[in-house]
Amino acid sequence: MNLTTEHLADILIGIARAQNAVVDAMERASPGFRNNHAVPLITVAANMRAGDPRMIDLPSRILMRLQGRVALDNAAVKADLERLISGAKPAGAASKAAAAAAAAPTPNLNFSAKT
């Protein structure tokens, strides 16, 4: 069996849709469940504060995307999978790290020189 990143993306999206159906059912039974309970816990599971997501964060991040009003794009999930599998950094992370390093003042660590 040859499992491609496209197949894996479809499987992850399908699982997230099933999980979203459970969240929707809980929301119907107890209005406010989604915003008061589900979304904060999914946010923690998705490690949303991390600028560079890991493979382990991807399923929860897909579920987070389903909680919003924006349609989920299979190509975006496939691209995330390919990036995570290859080990490449996100496009914005490398430039942010370089900008932060350039902006940080470099201390004078030469203790032999007298100032």
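Whatever comes next refers back to the structure up there.
Criteria and thresholds
- Residues numbered from 1 in each chain as written.
- Predicted model: local features only at pLDDT ≥ 70, side-chain atom pairs only at ≥ 80, totals over all residues.
- Heavy atoms only, no water.
- Axes fitted to C-alpha atoms, helices over the stretch in contact; angles between N-to-C directions.
- Helix = DSSP H or I, 4+ residues; strand = E, 2+ residues; numbered from the N terminus.
- Left-handed = near helix turned anticlockwise from the far one by under 90°.
- Contact = heavy atoms within 4.5 Å.
- Nonpolar A, V, L, I, M, F, W, Y, C, P; charged D, E, K, R; others polar.
- Salt bridge = Lys/Arg side-chain N within 4 Å of Asp/Glu carboxyl O.
- Buried < 20%, exposed > 50% of the residue type's maximum accessible area, 1.4 Å probe, protein only.
- Core = buried A, V, L, I, M, F, W, Y, C linked by side-chain atoms within 4.5 Å.

Colleague: Help me understand the packing of helix H1 (residues 5-29) against helix H4 (residues 74-86), please; the structure alone is not making it clear to me.
Modeller: Think of two packed helices as two axes; the pair is described by the angle between the axes and how far apart they sit. Taken N-terminus to C-terminus, the directions of H1 and H4 make an angle of 115 degrees; their axes are 9 Å apart at the nearest point. As for how H1 packs across H4, the hand of that crossing is right-handed. Note on element contacts: H4 touches H1 through Asn74, Val77, Lys78, Leu81, Glu82 and Ile85, opposite Thr5, Glu6, Leu8, Ala9, Asp10, Leu12 and Ile13. Tallied by class, residues from the contact of H1 with H4 come to seven nonpolar, two polar and four charged.

Colleague: Just checking my understanding: could you explain the packing of helix H2 (residues 33-45) against helix H3 (residues 58-67) for this structure?
Modeller: With their axes 8 Å apart at the nearest point, H2 and H3 run at an angle of 150 degrees to one another. Of the two possible hands of crossing, H2 and H3 adopt the one that is left-handed. Residues Arg34, Val39, Ile42, Thr43 and Ala45 of H2 pack against Ser60, Leu63, Met64 and Gln67 of H3. In terms of residue class, the contact of H2 with H3 is built from five nonpolar, three polar and one charged.

Colleague: Explain the pattern of salt bridges to me, please; I cannot follow it from the model alone.
Modeller: A side chain of one charge can pair with a side chain of the opposite charge when the charged atoms of the two come close. Summed over the entire model, instances satisfying the criterion amount to four salt bridges. The closest approach of N and O atoms between Asp57 and Arg54, which form a salt bridge, is 3.2 Å. Where Glu82 meets Lys78, a salt bridge forms, and the shortest distance between an N and an O atom there is 4.0 Å. Taken together, the residues span about one helical turn, with Glu82 and Lys78 both in helix H4 at a distance of four residues. Given the relative accessible area of 28%, Lys78 is considered partly exposed.

Colleague: Any chance you could explain the nonpolar core here in plain terms?
Modeller: The nonpolar side chains of a soluble globular protein tend to be buried, and buried together. In this structure, Leu58, Ile62, Leu72 and Val77 are the most contacted members of the largest nonpolar core, which totals 18 residues. Contributing elements (two or more residues each) for this core: H1, H2, H3 and H4. Each residue touching Leu58, except ones within four places of it in the same chain, is listed here: Leu12, Asp80, Leu81 and Leu84.

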